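Each chain, letter by letter, is given below.
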Amino acid sequence: HTEWRCIDRNGDMFNAMSYAFPEVQKHITKHIVQSAESGCDAVTLIAHRGIPYVQYEKPVADRFYELYGEYPYELPLDEPRLHALHCEIMTEFARGVRKALDETYGKDKIKLHLRTMYSLHDTKYIGIDVEEWAKEGLIDTVIVYPQRHYDLYDGDIWQEGKEYRIDIDKYTDYVVKMGRCSNSHLDHDVFYPFIGP
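The shown structure was predicted, so the numbers you read here are calculated from the model rather than taken from an experiment. (Residues numbered from 1 in each chain as written. Predicted model: local features only at pLDDT ≥ 70, side-chain atom pairs only at ≥ 80, totals over all residues. Heavy atoms only, no water.)

## Details of the confidence of the model for the chain
This is how it is decided: Confidence of the predictor at the level of single residues is captured by pLDDT, which takes values from 0 to 100. Any pair of residues with heavy atoms lying within 4.5 Å of one another is described as a contacting pair.
Per-residue pLDDT for the chain has a mean of 86; in total, 89% of the residues score no lower than 70. Residue range residues 182-197 is modelled with pLDDT below 50. Its contacts to residues more than four positions away, or to other chains, number 48 contacts.

Okay, structure coming up:
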């Protein structure tokens, strides 16, 4: 189902499936519920691997346009409005998981743990609003891992005369010149010892 994959800002396809598609959310939720058949008392969502979860797919771009009157393709991933939308989509997913577990096994019988990035900022960067999930009672435990995920902006990818806007052609040239596949600009940095901004 390549039609449900994450899409980079320049239209390149990632190997990861996008949670912006209801079909992907349904598929993943089904497997989470099935995994709890083992008799476990909790399921852990591993959210520091398999990234990205949501990027610039059509449902994301269309929703962003409805909210802000522009498409997000020229915006960096650390744009707060894009963070908010990605978090909204992933929170919808977490609500569905919590509801499916409760309906199948009884209210709060199966705990939901989240293993994720090392800071609240970094979790939002990948579309997970830990504070919101906790406030809504969607998760019971958070386990942090000393890992970050971010866009690399060290090349000439910016539009002339427009601050904080990515030139899609320059961006594509940069990715190609760096010898990367389309999604390798999303990098991981593991901190030992545990330090960060």
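## Digging into the side chain of arginine 9
Note the cut-off: Helix numbers and strand numbers start at the N terminus; a helix is a DSSP run of H or I with at least 4 residues, a strand a run of E with at least 2. Summary of the burial criterion: residues with accessible area below 20% of their type's maximum are buried, those above 50% are exposed, and those between are partly exposed, where the area comes from a 1.4 Å probe applied to protein chains only. Nitrogen and oxygen atoms within 3.5 Å of one another constitute a polar contact, given that in protein one can donate a hydrogen and the other can accept it, and given that sequence-neighbouring residues count only through two side-chain atoms.
Among the structural elements, arginine 9 can be located in the loop between strand 1 (5-7) and strand 2 (13-17). Classification of arginine 9 by relative accessible area gives buried; the value is 4%. Within the structure, the side chain of arginine 9 is placed 2.8 Å from the side chain of tyrosine 56, a separation counted as a polar contact. Side chain to side chain, arginine 9 and tyrosine 171 meet in a polar contact 3.5 Å long.

## Focus on the sheet that holds strand 5 (residues 141-144)
Note the threshold: Paired strands, in this sense, are two strands between which DSSP finds at least two bridges. To obtain each axis, a line is fitted to C-alpha atoms, and for helices this fit is confined to the stretch in contact; angles are then taken between N-to-C directions over 0 to 180 degrees.
The 3 strands lie next to each other as 3-4-5, forming an open sheet whose pairing is parallel. The open sheet has two edge strands, strand 3 (42-46) and strand 5, and neither has a second partner. If you compare each strand with its neighbour and ignore which way they point, the axes differ by 20° on average. As paired elements, strand 4 (residues 111-116) and strand 5 share 4 bridges and run parallel to each other. Directly across from leucine 114, in strand 5, lies its bridge partner valine 142.

## Here we look at the packing of aromatic side chains
This is how it is decided: Only centres within 6.5 Å qualify two rings of Phe, Tyr or Trp (six-membered ring in Trp) as a pair; their planes then separate them into stacked at under 30 degrees, edge-to-face at over 60, and tilted for everything else. Comment: the charge-over-ring label is applied if NZ (Lys) or CZ (Arg) is within 6 Å of the ring centre and within 35 degrees of the ring normal.
Across all of its chains, the model carries 7 aromatic pairs by this definition. Pairing tyrosine 19 with tyrosine 53 gives two aromatic rings, centres 5.5 Å apart and planes at 85°, and the pair type is edge-to-face. In this pair, tyrosine 19 sits in the loop between strand 2 and helix 1 (22-35) while tyrosine 53 sits in the loop between strand 3 and helix 2 (58-68), placing the two residues 34 residues apart along the sequence. One exposure class covers both tyrosine 19 and tyrosine 53, and it is buried. Plain terms: the ring middles of tyrosine 65 and tyrosine 71 are 4.6 Å apart, the flat faces sit at 20° to each other, and that makes the pair stacked. Take tyrosine 65: its relative accessible area is 39%, and that puts it in the partly exposed class. Counting every residue linked through ring pairs, the aromatic cluster contains Tyr56, Tyr65, Tyr71 and Tyr73. Of note, arginine 9 hangs over the ring of tyrosine 171, and the distance from its end group to the ring centre comes to 4.7 Å. Sitting over the ring of tyrosine 68, arginine 81 keeps its end group 4.9 Å from the ring centre.

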